Amino acid sequence: MRLAVAYPAAAYLATALLAAPAAAQDMDMIETCGSGGLDAGGCDKEAFAEALGLLSAGQMRIFRDAGMESFAMLTALRYGASAVFFAMEDEGCYAEEERTAAVEIWSIWVSLPDDAPGAIARKFALYDGAMDAIVNMEVGC
(Lines give C-alpha, C1' and ligand atoms only; values in the text may rest on other atoms or scores of the structure.)
Protein backbone atom coordinates (compact mmCIF):
# COMPACT_ATOMS: atom_id res chain seq x y z
CA MET A 1 0.00 0.00 0.00
CA ARG A 2 2.85 2.39 0.74
CA LEU A 3 4.09 1.96 -2.85
CA ALA A 4 0.75 3.12 -4.25
CA VAL A 5 0.71 6.16 -1.97
CA ALA A 6 4.34 7.18 -2.40
CA TYR A 7 4.71 6.27 -6.06
CA PRO A 8 1.34 6.29 -7.83
CA ALA A 9 3.01 5.95 -11.25
CA ALA A 10 4.87 2.85 -10.08
CA ALA A 11 1.64 1.33 -8.81
CA TYR A 12 -0.07 2.08 -12.12
CA LEU A 13 2.82 0.52 -14.06
CA ALA A 14 2.76 -2.58 -11.87
CA THR A 15 -0.97 -2.96 -12.48
CA ALA A 16 -0.51 -2.54 -16.23
CA LEU A 17 2.26 -5.13 -16.29
CA LEU A 18 0.14 -7.62 -14.41
CA ALA A 19 -2.53 -7.26 -17.11
CA ALA A 20 0.00 -7.52 -19.96
CA PRO A 21 -0.04 -11.27 -20.61
CA ALA A 22 -3.76 -11.35 -21.39
CA ALA A 23 -3.70 -8.26 -23.59
CA ALA A 24 -0.50 -9.23 -25.39
CA GLN A 25 -2.19 -12.24 -26.94
CA ASP A 26 -4.09 -10.18 -29.53
CA MET A 27 -2.11 -11.67 -32.40
CA ASP A 28 -5.15 -11.43 -34.67
CA MET A 29 -4.96 -7.63 -34.67
CA ILE A 30 -1.23 -7.73 -35.37
CA GLU A 31 -1.93 -10.02 -38.31
CA THR A 32 -4.88 -7.98 -39.58
CA CYS A 33 -3.07 -4.65 -39.50
CA GLY A 34 0.21 -6.16 -40.66
CA SER A 35 -1.27 -7.88 -43.67
CA GLY A 36 -3.61 -5.13 -44.86
CA GLY A 37 -2.01 -1.97 -43.54
CA LEU A 38 -3.18 0.43 -40.91
CA ASP A 39 -5.96 1.87 -43.06
CA ALA A 40 -7.39 -1.51 -44.06
CA GLY A 41 -10.82 -2.54 -42.90
CA GLY A 42 -10.72 -4.43 -39.65
CA CYS A 43 -7.51 -2.77 -38.43
CA ASP A 44 -8.07 -1.15 -35.07
CA LYS A 45 -4.98 1.05 -34.73
CA GLU A 46 -5.37 1.41 -30.99
CA ALA A 47 -5.60 -2.36 -30.46
CA PHE A 48 -2.70 -2.88 -32.86
CA ALA A 49 -0.48 -0.41 -30.97
CA GLU A 50 -1.48 -1.95 -27.65
CA ALA A 51 -0.77 -5.49 -28.85
CA LEU A 52 2.68 -4.49 -30.12
CA GLY A 53 3.45 -2.48 -27.01
CA LEU A 54 2.58 -5.37 -24.74
CA LEU A 55 4.72 -7.97 -26.47
CA SER A 56 7.03 -9.66 -24.02
CA ALA A 57 10.55 -11.01 -24.12
CA GLY A 58 9.04 -14.48 -23.64
CA GLN A 59 7.10 -14.13 -26.88
CA MET A 60 10.31 -13.24 -28.72
CA ARG A 61 12.33 -16.07 -27.21
CA ILE A 62 11.70 -18.39 -30.15
CA PHE A 63 13.62 -15.99 -32.37
CA ARG A 64 16.59 -15.93 -30.02
CA ASP A 65 16.62 -19.71 -30.07
CA ALA A 66 16.92 -19.49 -33.88
CA GLY A 67 19.95 -17.19 -33.58
CA MET A 68 18.09 -13.94 -34.20
CA GLU A 69 18.26 -10.65 -32.32
CA SER A 70 15.05 -11.09 -30.37
CA PHE A 71 15.65 -8.07 -28.14
CA ALA A 72 16.09 -5.86 -31.22
CA MET A 73 12.83 -7.24 -32.62
CA LEU A 74 11.01 -6.48 -29.40
CA THR A 75 12.49 -2.99 -29.18
CA ALA A 76 11.64 -2.15 -32.80
CA LEU A 77 8.08 -3.39 -32.42
CA ARG A 78 7.61 -1.34 -29.26
CA TYR A 79 8.93 1.78 -30.98
CA GLY A 80 6.49 0.97 -33.77
CA ALA A 81 3.67 0.80 -31.24
CA SER A 82 4.63 4.23 -29.97
CA ALA A 83 4.70 5.57 -33.52
CA VAL A 84 1.17 4.35 -34.17
CA PHE A 85 -0.05 5.75 -30.87
CA PHE A 86 1.50 9.18 -31.46
CA ALA A 87 0.10 9.27 -35.00
CA MET A 88 -3.38 8.58 -33.60
CA GLU A 89 -2.90 11.47 -31.17
CA ASP A 90 -1.97 13.82 -34.05
CA GLU A 91 1.59 14.06 -32.76
CA GLY A 92 3.22 13.54 -36.15
CA CYS A 93 6.73 14.67 -35.18
CA TYR A 94 6.86 12.24 -32.27
CA ALA A 95 5.36 9.52 -34.45
CA GLU A 96 8.04 10.07 -37.06
CA GLU A 97 10.82 9.88 -34.47
CA GLU A 98 9.48 6.64 -33.06
CA ARG A 99 8.94 5.17 -36.52
CA THR A 100 12.47 6.12 -37.58
CA ALA A 101 13.89 4.37 -34.51
CA ALA A 102 11.80 1.26 -35.19
CA VAL A 103 12.81 1.08 -38.83
CA GLU A 104 16.49 1.64 -38.13
CA ILE A 105 16.63 -1.02 -35.45
CA TRP A 106 14.69 -3.50 -37.60
CA SER A 107 16.75 -2.90 -40.72
CA ILE A 108 20.11 -3.11 -38.96
CA TRP A 109 19.56 -5.90 -36.44
CA VAL A 110 16.67 -8.06 -37.60
CA SER A 111 16.84 -10.65 -40.35
CA LEU A 112 15.45 -14.12 -40.75
CA PRO A 113 18.15 -16.78 -41.14
CA ASP A 114 17.95 -18.83 -44.32
CA ASP A 115 17.73 -22.02 -42.28
CA ALA A 116 14.96 -20.84 -39.93
CA PRO A 117 12.34 -23.52 -39.26
CA GLY A 118 8.94 -23.03 -40.86
CA ALA A 119 7.16 -22.14 -37.61
CA ILE A 120 9.68 -19.41 -36.87
CA ALA A 121 9.53 -18.12 -40.45
CA ARG A 122 5.72 -17.88 -40.24
CA LYS A 123 5.85 -16.07 -36.90
CA PHE A 124 8.54 -13.74 -38.25
CA ALA A 125 6.35 -12.95 -41.27
CA LEU A 126 3.63 -11.79 -38.87
CA TYR A 127 5.93 -9.27 -37.17
CA ASP A 128 7.61 -8.31 -40.44
CA GLY A 129 4.16 -7.44 -41.81
CA ALA A 130 3.52 -5.31 -38.73
CA MET A 131 6.76 -3.45 -39.41
CA ASP A 132 5.75 -2.95 -43.05
CA ALA A 133 2.49 -1.37 -41.87
CA ILE A 134 4.45 0.96 -39.60
CA VAL A 135 6.87 1.88 -42.38
CA ASN A 136 3.97 2.66 -44.73
CA MET A 137 1.82 4.65 -42.31
CA GLU A 138 1.36 8.30 -43.13
CA VAL A 139 2.58 10.83 -40.60
CA GLY A 140 3.17 14.51 -40.99
CA CYS A 141 5.52 16.55 -38.91
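Residues numbered from 1 in each chain as written. Predicted model: local features only at pLDDT ≥ 70, side-chain atom pairs only at ≥ 80, totals over all residues. Heavy atoms only, no water.

S.K.: Looking at this model, I keep getting lost on the overall build of the protein. Mind explaining?
M.R.: Scanning the protein for helices and strands turns up 8 helices and 0 strands. Of the regular secondary structure in the protein, the N- to C-terminal order runs α-α-α-α-α-α-α-α. Counting every position in the protein, which comprises 141 residues, the buried fraction comes to 36%. Counting contacts in the protein only where the partners sit at least 6 residues apart, residues at least 24 apart contribute 64% of the total. Summing over all exposed atoms, the protein offers an accessible surface of approximately 8,300 Å²; the carbon and sulfur share of this is 55%. (Helix = DSSP H or I, 4+ residues; strand = E, 2+ residues; numbered from the N terminus. Buried < 20%, exposed > 50% of the residue type's maximum accessible area, 1.4 Å probe, protein only. Contact = heavy atoms within 4.5 Å. Areas by Shrake-Rupley, 256 points an atom, 1.4 Å probe, with all protein chains shown as cover.)

S.K.: Explain unusual backbone geometry to me, please; I cannot follow it from the model alone.
M.R.: The phi angle of most residues is negative, glycine excepted, and most peptide bonds adopt the trans form. Phi at Asp-90 is positive, roughly 60°, even though this residue is not glycine. Structurally, Asp-90 can be placed in the loop between α6 (70-88) and α7 (92-109).

S.K.: What is the right way to read the packing of helix α3 (residues 27-36) against helix α4 (residues 45-53) from this model?
M.R.: Relative placement of two packed helices is described by the angle separating their axes and the distance separating the axes. Where α3 contacts α4, the two axes come as close as 9 Å, and the packing angle between them is 120°. The element α3 and its partner α4 pack so that their crossing is left-handed. For the pair formed by α3 and α4, the contact residues are Met-29, Ile-30, Cys-33 and Gly-34 on the first element and Ala-47, Phe-48, Ala-51 and Leu-52 on the second. Of the residues contributing to the contact of α3 with α4, the split by class is 7 nonpolar, 1 polar and no charged. (Axes fitted to C-alpha atoms, helices over the stretch in contact; angles between N-to-C directions. Left-handed = near helix turned anticlockwise from the far one by under 90°. Nonpolar A, V, L, I, M, F, W, Y, C, P; charged D, E, K, R; others polar.)

S.K.: Even after reading the chapter, I still don't get the environment of Met-137, so can you show me in this structure?
M.R.: Residue placement: Met-137 occurs in the segment after α8 (118-136). Judged by its relative accessible area of 8%, Met-137 is buried. Separated by 100 residues in the primary sequence, Met-137 and Gly-37 place their C-alpha atoms 7.7 Å from one another. Filtering out sequence-adjacent residues up to four positions away, Met-137 remains in contact with Leu-38, Ala-83, Val-84, Ala-87 and Arg-99.

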